[in-house]
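Here is how the chains run, residue by residue.
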Amino acid sequence: MKQEKFDIFVIGVGGQGIGLLSETLIRAADYAGKRVRGVDTHGLAQRGGMVASHVRIGANAHSPLVMAGQAEMVVALERHEALRGMNLFLKDGGTLVYYDAVWQPLNVRLKKEAAVTAASISAECRARDIREVRVFQTGLADPRMQNVAVLAEICRLNLIPGLEAGHVEAALNDLLAGPVLEKNLALFRKIVQA
Amino acid sequence: MKDMGEMLLRREGFSEIVIGNTALVRAMVESGVGVVTSYPGSPTPEIAAAIASMPAAQRPFYFEFSVNEKVATEVAFGSALNGHLAVVFFKSVGLNVAADTFVQLPLMEITGGMVVVLGDDPGAHSSQNEQDNRHFAHLAYLPVFEPATAAETYAMFKEAAALARAKKTAVIMRLTTHVCHAKEKVAFAPYAAAARDNTPLFDVKNGPYVPIAAAVFPMKRRALQKLEQFREYADDSPFNMVFSHNNKKRGVVTCGTAYLALADALAFAGDRPDVLKLGLSHPLPRRLLSDFLQKHEEILVLEELDNILENEIRALAQSRGLASAITGKQDLEDWIGEYTPERVAAKLDKVWPDLLAPRPEPTRARPAVPPRPPQLCPGCGHRSAFHAVKNALAVGDITVADIGCHSLGFLPPYEMGQVLLCMGASTAAASGLALANRERKVVAFLGDSTFFHAGIPGIINAVFNRHNLTLIIMENGTTAMTGHQEHPATGKNFNGPTTAIPLRRVLESLGIANIRELDAYSQKKLTAMVKEALAEEGFKVIIARHPCMLKHTREQKRQGTWKGIPVRVNQEKCRRIHECVSVFACPSYQIDEGGRVHVQEDLCIGDGSCLQTCPAAAIETGNPGGEK
């Protein structure tokens, strides 16, 4: 029998809270009783550059790095990075979940390259048989909560096999405390129960 | 919320998901380490973050950030001579700084034992090169453990510490970026806290400790004898492992994360090769290797970066008359970059084309996505400084960068810092560029932590030898790039308050008379100041000061005292000059296809450094509900 494998490539921009998002996914998968490993970008790239995390669920994952083109899911917190993550890591037939924030890369701001549009992402998803889940919430108290909105959407749609809202809440409880935890849990529950 | 400090000090055994750097600190705690030193550098700063999570009163060892890696190594060495098990950790290129000290370690009878933890950076994720520090281990006759995972980091450190203490030597733990930062669940043993004996045990009888002239030879002989003892250990070490798939034909010798990538790639293999994974990559287990070579007709040596194992294995095969066909590096690309799972799969395809099943190829060309290099944060004082300095320079003037956040000034649109060598090198490299050069002005940049790390000798040399250049010190009051560690001018060290060593006072004490300073946000004044300095002869220093805004705003937001006022673009006044978005280029400014500029609210911190840059005065401080 084929071994269970679920590789997730998480991507965004330094400062968006990618680390918390991937750490939550890893801990949630652990709470779901799965073997999991992964790695985050640290260092230089955290200064506004592209940052990525790899989350590998399954007993046969050895490297913390997802193999290029082999991810079952890409989770992105920014539009340009959503397309970059798809290009590099997502399997045809996989799932893209992205928060549609736009932080224009340098060459767009310097008028040297065109920005990526939401329509171009949708077109690429259709062409590659990728399930597209676009997340956008108006009126978030803090943009750093966009990652929790994405986690909630993943749970609401049951996008990761075996991962339930309770596992994510337990993970968030490991990582956050006080009013920050409460605000994030409130947002998470609001979306999951919608 | 889980408390890392409590976890690291827990008496009972437990399992937890941790990164390699955190697992390393638990191993230090369990091993009875007495002194730990470091200089911050990726991929190792999280080791210090884990140490900091343990309350100072309960921390079982002393820790300091020293002023550079050489000093850190010396402090650790000295403490080990007094009987403390000592650890020094730093990034890959830190070993170049520490090298003068490091190469002496094997000559010394290090009574307390010492572990040198290296954070190598294959892939150059956060470094100016991807040097393979296994070369240094050979140079210094020191053994090297190379873990692949967080669990191995924990287990190997405990082994390395025990061996270092037993053999009274230094042992190297070579981590790499994706060992330091990779996460997995690790099972930790109980921790039996023991009372520390702080008796200073240094005794010349344990020496000799003075390697002068002929005294060197017995010391070198002892170093080589210890290395031979490690060679014997290597053959029986539990960290050198054979994974047999009963393959009589093909075998792979590998180590570190390349092993993990290999294991993933072999998921696509039918008839898997046997694998010898070396946890101790120096000295090599000759008996184990000879046996492995004898049992396989074809050997692939799979090692990231340089061909160190390959050369040794080829030499071993030749000396023992072993006939296996050995393949290692095949072209220059094999020497470059990280050995990721897809890289290793491609390598296997090349060496053994029948081995792996084909992987799915991209079904269509991928649409272009603009690259996203790292950049200076919104509000960064360096942006104001570069914007102002650029306005003072003539075409053809030469700018020299140093290491730190300000290195990012080389990117467009600033393009400030056209040459970058290594820590502290800017002043002296600029001095050389200024020699016999009357046409093109030379400007060097230097950060404040780097000033203390390795910047001072180049400055003294510029004074001593009367060099003609302008040094701009970008003082942001912290070691920003590596996560905001204190430095000698901040008045604090890792453990608490200390005497501040103000940068200006150091410069004055060196006899530098021509010093100017100002807040980097005063862009027009800074431009004028640089022009003045460039017109003068000799060695001139400008201190362009502004606190690191990432650190500053975080601290103030935590205290509830941050008073940022986000800006907006008044569309009626905007003349689409695009100075804000394409020249000053704060990432908060975004531009639409029609050339209309707006402020991305999630990014703008409200520092106001951009207000002065708009020729049309169209940037305004926002009013609630106003158009952004």
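Here is what the cut-offs are and how they apply
- Residues numbered from 1 in each chain as written.
- Chains lettered and ligands numbered in written order.
- Predicted model: local features only at pLDDT ≥ 70, side-chain atom pairs only at ≥ 80, totals over all residues.
- Pairing = 2+ DSSP bridges.
- Helix = DSSP H or I, 4+ residues; strand = E, 2+ residues; numbered from the N terminus.
- Contact = placed C-beta atoms within 7 Å.
- Axes fitted to C-alpha atoms, helices over the stretch in contact; angles between N-to-C directions.
- Nonpolar A, V, L, I, M, F, W, Y, C, P; charged D, E, K, R; others polar.
- Buried ≥ 20, exposed ≤ 12 C-beta atoms within 10 Å, placed from the backbone.
- Arc of directions from axis to C-beta.
- Core = buried A, V, L, I, M, F, W, Y, C linked by C-beta atoms within 7 Å.
- Domains from an automatic or database assignment.

(A) Representation of the sheet that holds strand E2 (residues 35–38) of chain B in the model. All names here are of chain B. Taken in spatial order, the seven strands line up as E3-E2-E4-E5-E7-E6-E12 in an open sheet, and their pairing is mixed. The two strands at the open ends of the sheet, each matched to only one other strand, are strand E3 (62–65) and strand E12 (280–282). Strand direction decides the pairing type here: strand E5 (residues 114–120) and strand E7 (residues 170–176), joined by seven bridges, are parallel. Opposite Met 114, over in E7, you have Ala 170 as the bridge partner. Its contacts with the sheet place helix H4 (residues 69–81) against E2, E3, strand E4 (86–91) and E5, and it is angled at close to 170 degrees to E4.

(B) Main features of the sheet that holds strand E11 (residues 274–278) of chain B. Residues and elements named next belong to chain B. If you walk across this open sheet you meet the five strands as E9-E11-E10-E13-E14, and the pairing is mixed. The open sheet is flanked by strand E9 (240–243) and strand E14 (325–327), the only strands paired with a single partner. In this sheet, neighbouring strand axes are inclined to one another by 15 degrees on average, regardless of whether the strands run parallel or antiparallel. Here helix H10 (residues 257–265) sits on the sheet and contacts strand E10 (250–255), E11 and strand E13 (298–302); the angle it forms with E10, its principal contact strand, is near 140 degrees.

(C) A look at the packing of helix H15 (residues 426–434) of chain B against helix H16 (residues 448–464) of chain B. Residue and element names in this part refer to chain B. Running from N to C, H15 and H16 cross one another at 35 degrees; their axes reach a closest spacing of 7 Å. Across the interface between the two elements, Thr 427, Ala 428 and Ser 431 from H15 touch Gly 455, Gly 458, Ile 459, Asn 461 and Ala 462 from H16. Here the contact of H15 with H16 is built from residues that sort into three nonpolar, five polar and no charged.

(D) Fine view of helix H5 (residues 94–102) of chain B. All names here are of chain B. Gly 94, Leu 95, Val 97, Ala 98 and Phe 102 are the residues of H5 that are buried. Taken end-on, H5 shows its buried residues confined to a sector of 150 degrees, consistent with a single buried face. Considering only its buried residues, H5 is in contact with H4, E4, E5, helix H6 (134–139) and H16.

(E) Geometry of the nonpolar core. Counting residues in hydrophobic clusters, the biggest one holds 239 residues, and the most contacted among them are Val74(A), Met114(B), Val115(B) and Leu262(B). With residues up to four places along the chain from it excluded, the contact list for Val74(A) reads Phe9(A), Ile11(A), Gly85(A), Met86(A), Phe89(A), Leu90(A) and Leu96(A).

(F) Spatial organisation of the domain arrangement of chain B. Residues and elements named next belong to chain B. Each assigned domain of chain B is listed with its residue range as follows: domain 1 (4–236), domain 2 (240–351), domain 3 (381–556) and domain 4 (563–621). Between the C-alpha centres of domain 1 and domain 3 there is a distance of 33 Å. With 14 residues of domain 1 in contact, the opposing surface of domain 3 contributes 15 residues. For the side of domain 1 that touches domain 3, the residue count by class is nine nonpolar, four polar and one charged.

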